[in-house]
Amino acid sequence: MDLEKLHREESGRILSTLIRLLGDFDLAEEMLQEAYATALQKWPVDGPPANPAAWLVSTARHKAIDRLRREKRFEEKQAEIARYSEFLAQPAAGFSQADAEEERFPDDRLRLIFTCCHPALSEEAQVALTLRTVCGITREELAKAFLVPVATMAQRLVRAKRKIRDAGIPYCEPSAEDLVERLDAVLLVVYLIFNEGYLASSGDALVRRELCAEAIRLARVLCALLPRPFEAQALLALMLLHDSRCEARVSAEGELVLLEEQDRSRWHGEQIREGTELTERALRGGATGVYALQASISALHANAKTAQETDWRQIAALYAVLLRVYPSPVIAVNRAVAVAMAGDLEQGLALLEKLEQREELREFHLLPAAKADLLRRLERRGEAAAAYRRALLLATNDVEIRFLRRRLAEAEG
Amino acid sequence: MQYLMLIYDAEADWAKMTAADQAAMYKEYGQFTQQIMESGNHQAGHQLKPIATATTVRMRDGKRVVTDGPFAETKEQLGGFYLVEAKDLDEAISIAARIPSVRHGSIEIRPIVTRGETAEGKVA
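Computed from a predicted structure; not experimentally measured. (Residues numbered from 1 in each chain as written. Chains lettered and ligands numbered in written order. Predicted model: local features only at pLDDT ≥ 70, side-chain atom pairs only at ≥ 80, totals over all residues.)

Asker: Whenever I open this one, the pairing of strand β3 (residues 55–60) of chain B confuses me. Can you help?
Answerer: Residues in a regular strand point their side chains to alternate faces of the sheet. Residues and elements named next belong to chain B. For β3, the tally of buried residues reaches only zero of six residues, placing the bulk of the element at the surface. Of the pairings in the sheet, the one linking β3 to strand β4 (residues 63–68) comprises six bridges and is antiparallel in character. When the sheet's bridge partners are listed, methionine 59 is paired in β4 with arginine 64. Counting the residues in the hairpin turn of β3 and β4 gives two residues, including aspartate 61, whose phi is positive at 50 degrees. (Buried ≥ 20, exposed ≤ 12 C-beta atoms within 10 Å, placed from the backbone. Helix = DSSP H or I, 4+ residues; strand = E, 2+ residues; numbered from the N terminus. Pairing = 2+ DSSP bridges.)

Asker: Just to check I follow, could you spell out the packing of helix α15 (residues 312–325) of chain A against helix α16 (residues 329–341) of chain A for this structure?
Answerer: Relative orientation and spacing of two packed helices are given, respectively, by the angle between their axes and the distance between those axes. Residues and elements named next belong to chain A. At a closest axis distance of 8 Å, the pairing of α15 and α16 adopts a crossing angle of 155 degrees. It follows that α15 is roughly antiparallel to α16 by the angle criterion. Pair α15 / α16 crosses with left-handed handedness. Of the residues in α16, those touching α15 at Trp312, Ile315, Ala316, Tyr319, Ala320, Leu322 and Leu323 are Ile331, Ala332, Asn334, Arg335, Ala338, Val339 and Met341. (Axes fitted to C-alpha atoms, helices over the stretch in contact; angles between N-to-C directions. Parallel < 35°, antiparallel > 145°, perpendicular 65-115°, else oblique. Left-handed = near helix turned anticlockwise from the far one by under 90°. Contact = placed C-beta atoms within 7 Å.)

Asker: Teacher, can you tell me more about the interface of chain A and chain B here?
Answerer: The extent of an interface is frequently quoted as the accessible surface area lost upon association of the parts. Listed by partner, the interface residues are 11 residues for chain A and seven residues for chain B. The leading source of residues in the side of chain A that touches chain B is helix α9 (residues 150–167) of chain A, at four residues. A class-by-class count of the residues in the side of chain A that touches chain B yields five nonpolar, one polar and five charged. (Nonpolar A, V, L, I, M, F, W, Y, C, P; charged D, E, K, R; others polar.)

Asker: I would appreciate a short explanation of the sheet that holds strand β6 (residues 106–111) of chain B in the present structure.
Answerer: Backbone hydrogen bonds hold the strands of a sheet together, and the pairing may be parallel or antiparallel. Residues and elements named next belong to chain B. Strand order in the open sheet formed by four strands is β2-β5-β1-β6, and the pairing between neighbours is antiparallel. Every interior strand has two partners, whereas the edge strands, β2 (42–47) and β6, have only one. Taken over all neighbouring pairs, the strand axes of this sheet differ in orientation by 20 degrees on average, direction set aside. Sheet contacts for helix α3 (residues 89–96): β1 (2–9), β5 (77–85) and β6; angle to β6, the most-contacted strand, approximately 155 degrees.

Asker: How should the confidence of the model for chain B be read in this particular structure?
Answerer: Caution applies to low-pLDDT parts of the model: their predicted coordinates are not meant to be read in detail. Averaged over all residues, the pLDDT of chain B equals 91, while 94% of them reach at least 70. For this predicted complex, the interface confidence reaches an ipTM of 0.83, while the overall pTM sits at 0.80. (pLDDT = per-residue confidence, 0-100.)

Asker: I would appreciate a short explanation of the confidence of the model for chain A in the present structure.
Answerer: Overall, the prediction assigns chain A a mean pLDDT of 87, with 90% of residues at 70 or greater. Across residues 91–103 of chain A, where pLDDT falls below 50, the model places 22 contacts with residues more than four positions away in sequence or in other chains.

Asker: Explain the pairing of β2 of chain B to me, please; I cannot follow it from the model alone.
Answerer: Residues and elements named next belong to chain B. Burial within β2 is sparse, with just zero of its six residues counted as buried. Summarising the sheet, β2 and β5 pair through five bridges and their orientation is antiparallel. Note that in β5 the partner of histidine 42 across the bridge is valine 84.

What follows is the structure, given as structure tokens:
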């Protein structure tokens, strides 16, 4: 039995159940660590149990009982006593004493996700706590992924757990009336985790791949556990479709390769197939949100055999709808580009020039970068070079800067 | 758990309301208070007189210093409060979302420190 693999794949589930049983994040985490330590000693000697995950839950649970007894906490604390006796009285909360090791236990991850992504926590805290508890990512890995010192990450997690306890953030799925709003927050956290891995310019490439994989795994859990999973399916589809291009979007030299110039044979066919199917299923189920629209756009790109065959007209139309639902500068720029690529370069350029009037887009490097690209296609090289120079003044991402420099050199050359 | 709900609202907007609108607002508050009394959530609650009536007291070097105010240059002022009993933050949020001023102002929800507990939530 590979304990490391078990830890990766099951720790979120085990921890969720322990938190439910113990009503305490820290106690659950600590006891699970101790149970792992026991497993490391025992399993190589006695052989692994039939159901390792259930074994870990019941071992951690017994250690918690011992701990509470030793500290006599339940004698001093009224609430703890109540919880403790409830906890003793329900050995069957998924397992009976005798056959605990054979039985599967209920999946508590959904409520843990909702607790970790509670809007009363900062977004930063939501992301960190979800990765730490639901995905079992260590503090050290998290610190590396988010480029902060380990102490900062540890502090962030401690604060979040303290707020859950002190403000009375419940450990349960939200009521039906709150579900939609709360689910939005959960989906956003999952998408932030994915983007952190997909778009981050610096940091360890392996750690970043891990974040993408975790986000996809979380979305799969949501799809499996939610009663109406359509928006979650749309998000899963979107991430799969993006992820399908991850090998083609960076060259062997670490340079960014634009969608248009990517080697499509390096796209991941199985992910495209699953992502496309999920997009259709989500749309049929009634998903109409930002993820469904973006997944639809991504599916059109992913299913085009060549860049020339891309259905830009439909993509431009989808961006127009998306812009109404979610008026963001990135989408406005993308829409203008789609209009241009659908055949009307001049109109696309006019749309971008209109965006340039907007005060809040002054510092937005993608706007001059997109404009430069359209000017390049129109063979207005002098203006293109000027726009590339402006984009270079605003860009901060190393990979993007190198790309813009290359294009500038071409325009000048 | 007990939560204090601090109601922040722009006094200037309240002053600009017509008498009829103010009466409607009071009626709405009355109904809301009635509801949370019946549901058993209500512990206490009051509207506060305008910030112009506020007085601040400090004790410095053994000397009592009384001043007018505070008159911080904020758009919203503390205009009232409720103390409620709720089973968790989600219930508290759903109660706060029904306070009439939530539509114009904002409600700050603060858990109350209970006996035998420190402000940091530790068992004393």
